[in-house]
Amino acid sequence: MTFEERVQALEPLGFTPRQTRFLATVALHSGYCLRRQYSAFAGVRYGKNVCDFLETLVERGLAERFTQRADRGRIYHLHARGIYRALGELDNRNRREASAALIARKIMVLDYVLRHPEMEWLATEHDKVTAFAARYAVPQRDLPQRVFGASQAGAVTTRYFTHKLPVAVAGEPPIAHFACLVTDTSGRGLEQFIQDHRRLFGWLPAWTVVAVGPSPVGLQACESAFHRLVTHPGSAVPASREDLTWFFQTRHAVDQGDLAGLSVASIDRYRTLREAYRRPIFDELYLEWCRRGDAAFAGQPTATPSSKRSVGALVTELLPFDYSQFGSLPGVA
C-alpha cells in the first residue's frame, strides 16, 4: 500500500483529511506523539483544537494518554488494533507499549519525519524491501538484516531493516536517503549503521545518510566517523587468500542462518577474522565475492550494475527539542 492508500483506508474513522494523515504518519513511524507535534503538523496554534483532537482519540479507545513526568506534557500512544489493520500493519510494533528510552527514540523519529513533509517515506519493512528490489534490483541477501531463531528446530526468521528507521528516495536523479537516529556522542552508532547497510549501499549509484539527533556533539562525532569509514577508508591490511576465502564462506553461511555446521572452534575463528576484516574494503570485496565467487580475488571488474562505484554522502540534522522528560539519557537504552 502507498501512503495515500493508507490514508484513504483510515477515512472511515471520520476525522478530517489533515487529522487522518497525521494518524497514518504517527502509526507508521512512531506509535507515540505529543501535542506540539500535531500542532506543527496541522500548522495551528497549540490550544483547544489540538487538545480536542487528541482527547477524542482517547475517548474513542484509539489511543491512551499518559505522562512521563508530572511537570511535562501528555504523551499519546496510538494503539488501536483497527487502525493498524486498516494500514496493513496489524503486527506493527508501534502498537506495543515501550520503555521510556524507546518512546524517546520514536518521538525523535516522528519529529524528523514531520519536519520533512516534502519527502515520501518508506516506513515499513515491506515497503523498503519492495522499493529497493523494484528500483535497484537489490537481492534480499544484500539488504540489512538479522536472522532470528524460532522455537522449532532449524526454523529461522529473517527480518530486514531492523533499525526501523525511515528511508526516502527523492531528488532528480532519485537518491536514497537513510535516516540514522543518533543518541550517542561517540559516532559508533553511525559506524554500525553504515556497516549494516554496506552491502545495500554497494548496489546504489548514490546514497545519503541523514544523521539525526538532539546532541551537536553526537552529530560532530558522526562527521568524523563518516569521513573515516567512507570518505577515506584507508588501505587494506594484510590478509591471506586462504583466510579470506574461509571467512567469506562462513560469513555467507551466517548471513543465511546456516549455523548447524559451525563448531565452537569455527565460531571463535570467525569472530576473530570478523574483527580483523571489519573494514569497508573487505565489505566491498565480500560483495564482489558473493557475485563472482573466487574470481573476485583477481580484482577484475565486472559488468553488473551493482559493481559501479557507489557515492555516499552524510547530512546532519539537529533536533531542536528537549527530550529530558524521558530521562537523563533519552533514547539510550
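Look above for the structure.
So, here is what we can say about the structure in this document. (Residues numbered from 1 in each chain as written. Predicted model: local features only at pLDDT ≥ 70, side-chain atom pairs only at ≥ 80, totals over all residues. Heavy atoms only, no water.)

1. Some remarks on the overall build of the protein
Our working definition: Each helix is a run of DSSP H or I of at least 4 residues and each strand a run of E of at least 2, with the numbering of both proceeding from the N terminus. Exposure classes here rest on a 1.4 Å probe applied to the protein chains alone. A residue is buried below 20% of its type maximum, exposed above 50%, and partly exposed in between. For the accessible areas, the method is Shrake-Rupley and the probe is 1.4 Å, while residue cover comes only from the protein chains on display.
Scanning the protein for helices and strands turns up 12 helices and 10 strands. Relative to its 333 residues, the protein shows a buried fraction of 43%. Taken as a whole, the protein presents about 17000 Å² of accessible surface, with 51% of it coming from carbon and sulfur.

2. Side note on helix α11 (residues 264-276)
In an α-helix, one full turn covers 3.6 residues, which means residues spaced three or four apart are oriented alike. Put simply, the rule reads: To estimate the expected span of a helix, count its residues, drop one, and scale the result by 1.5 Å. Starting at the helix axis, one direction is taken to each C-beta atom, and the arc is that of these directions. Should any heavy atoms of two residues lie within 4.5 Å, those residues are counted as being in contact.
End to end, α11 covers 19 Å across 13 residues, agreeing with the expected 18 Å (1.5 Å per residue, within 8%). Residues of α11 that are buried include every one of S266, Y270 and L273, and no others. Buried residues of α11 fall within an arc of 70° about the axis and therefore sit on the same side. Of the residues in α11, the exposed ones pointing more than 90 degrees away from the buried face are V264, A265 and T272. Taken together, the buried residues of α11 touch α10 (241-255).

3. Remarks on the environment of T56
Filter applied, for reference: Polar contacts, as counted here, are pairs of nitrogen or oxygen atoms within 3.5 Å of one another; within protein the pair requires one atom able to donate a hydrogen and one able to accept it, and residues that are adjacent in sequence qualify only if both atoms are side-chain atoms.
Within the secondary structure layout, T56 lies in helix α4 (residues 48-59). Looking at T56, its side chain comes within polar contact range of the main-chain oxygen of D52, at 2.7 Å.

4. Re the packing of helix α3 (residues 35-42) against α4
Note the threshold: Each axis is a line fitted through C-alpha atoms, and for a helix only the stretch in contact is used; angles between axes span 0 to 180 degrees, taken between their N-to-C directions. Each crossing gets its hand from how the near helix is turned against the far one by less than a right angle, where anticlockwise is left-handed and clockwise is right-handed. Note on residue classes: Ala, Val, Leu, Ile, Met, Phe, Trp, Tyr, Cys and Pro are nonpolar, Asp, Glu, Lys and Arg are charged, and everything else, Gly too, is polar.
Axis separation between α3 and α4 bottoms out at 10 Å; the angle between their running directions is 115°. In the packing of α3 onto α4, the handedness of the crossing is right-handed. Of the residues in α4, those touching α3 at R35, Y38 and S39 are V50, C51, F53, L54 and E55. Considered class by class, the residues forming the contact of α3 with α4 number five nonpolar, one polar and two charged.

5. Some thoughts on the pattern of salt bridges
Note the threshold: Salt bridges are defined by distance alone: a side-chain nitrogen of Lys or Arg within 4 Å of a carboxyl oxygen of Asp or Glu.
Under the counting rule described, the total for this entry stands at 16 salt bridges. Among the ionic pairs, R36 bridges to D111, the shortest N-O distance being 2.8 Å. Of this pair, R36 sits in helix α3 while D111 sits in helix α6 (residues 100-114), and the two are 75 residues apart along the sequence. When salt bridges with common partners are traced through the structure, they connect R35, E55, R65 and R74 into a single cluster.

6. A few points about the pairing of strand β9 (residues 206-213)
Put simply, the rule is: Only strands that DSSP links by at least two bridges are regarded as paired with each other. Clockwise travel from the first strand over the helix to the second, with the strands pointing away from the viewer, marks a crossover as right-handed.
Burial analysis of β9 places seven of its eight residues in the buried class, the great majority of the element. Here six bridges tie strand β8 (residues 175-181) to β9, and the two strands are oriented parallel to one another. Bridging from a neighbouring strand, C180 pairs with A211 of β9. Each parallel crossover has a hand, and for β8 linked through helix α8 (residues 188-201) to β9 it is right-handed.

7. Section: the side chain of S39
Tracing the backbone shows S39 in helix α3. Setting aside chain neighbours within four positions, we find S39 in contact with V44, R45, Y46 and V50.

8. Describing the sheet that holds strand β2 (residues 63-67)
Spatial strand order, β1-β3-β2: three strands in an open sheet with antiparallel pairing. With partners counted over all chains shown, the strands left at the sheet margins are β1 (32-34) and β2, one partner each. Averaged over all neighbouring strand pairs, the angle between strand axes comes to 30°, with direction disregarded. Inspection of the sheet shows β1 paired to strand β3 (residues 74-78) by three bridges, in the antiparallel sense. Looking at the pairing, L34 lines up with I75 of β3.

9. Notes on the packing of helix α2 (residues 17-29) against α3
Inclusion rule: For classification, angles of less than 35 degrees are called roughly parallel, those exceeding 145 degrees roughly antiparallel, those between 65 and 115 degrees roughly perpendicular, and all remaining angles oblique.
One way to put it is that α2 packs onto α3 with a least axis distance of 10 Å and a crossing angle of 130°. Between α2 and α3, the angle falls in the class oblique. Taken as a pair, α2 and α3 cross one another with a handedness that is right-handed. Together, R18, Q19, R21, F22 and T25 of α2 and Q37, Y38, F41 and A42 of α3 make up the contact between the two elements. Classifying every residue of the contact of α2 with α3 by side-chain character gives four nonpolar, three polar and two charged.

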